[in-house]
Amino acid sequence: MDEKTSREWLIDAIWYFRSSDEKTEAILLALESEWNKSKDEVINDFCKLLTVKAPIKIVLFEGRGDPEEYVEALSDLGGRWLQHTQGDLIYVINFKDGKHKTWFCEVKGAGLIKEFKFQAIDELTGHDQQE
C-alpha cells in the first residue's frame, strides 16, 4: 500500500465512503481492537471509538477473566457518554480460548443515554453463539 491508501489514524480500521462524483463522504464503520488484555486498555479503545461519527462501531478484545465484566464497564461508560447519535449500532466482540461472544447495543436516542446497555446476541436471537 502506498501513502495515499494506508495511514495510521486514531482508529484501527474504518470503512470510508466517497461517492463517485466526490460530492459526499462519510465513515460508515469504525473498528477498534485490543489484544493487551487490560480492562483499562479496552475501555480506552472504546472511548476512542465513541468519538468517531460512524453509524456502526465495533470493539474486538481478548481480555483477562470474565468478559462480562469488560462489557459491563463499557455499558457503564456508554451510559455516561454525552454525545451518542440515534441509530448507531455498537458491537462488542470477545475472543477467548478459541471461542467468541458478541454483544450489541442500538442507540435509541441522541446525547446522554442513561439506559445504554449491551445485550448478548444470543439473548436477542435465542441461539448459542458457539454452535
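All figures in this text were calculated on a predicted structure; none of them were measured in a lab.

In this structure, E32 sits in strand β2 (residues 25–34). A distance of 3.0 Å separates a polar atom in the side chain of E32 from the backbone nitrogen of D12. Apart from residues no more than four positions distant in its own chain, E32 is found in contact with L10, I11, D12, D45, K48, L49, I58, V59 and L60.

Let's shift gears to the pairing of strand β3 (residues 56–61). Among the six residues in β3, five count as buried, and that is most of the element. Strand direction decides the pairing type here: β2 and β3, joined by six bridges, are parallel. Bridged to L31 within β3 is I58. Crossover β2 to β3 through helix α1 (residues 39–50) is right-handed. Where β3 and strand β4 (residues 89–96) come together, six bridges link them in parallel fashion. Paired with V59 across the strands is V92, a residue of β4. Taking the sense of rotation as the criterion, the β-α-β connection linking β3, helix α2 (residues 67–80) and β4 turns out right-handed.

Conventions we followed
Residues numbered from 1 in each chain as written. Predicted model: local features only at pLDDT ≥ 70, side-chain atom pairs only at ≥ 80, totals over all residues. Heavy atoms only, no water. Helix = DSSP H or I, 4+ residues; strand = E, 2+ residues; numbered from the N terminus. Polar contact = N/O pair within 3.5 Å; in protein donor to acceptor, adjacent residues only side chain to side chain. Contact = heavy atoms within 4.5 Å. Buried < 20%, exposed > 50% of the residue type's maximum accessible area, 1.4 Å probe, protein only. Pairing = 2+ DSSP bridges. Right-handed = clockwise from strand over helix to strand, strands pointing away.

Treat this as a map of the structure, not an account of what it does.
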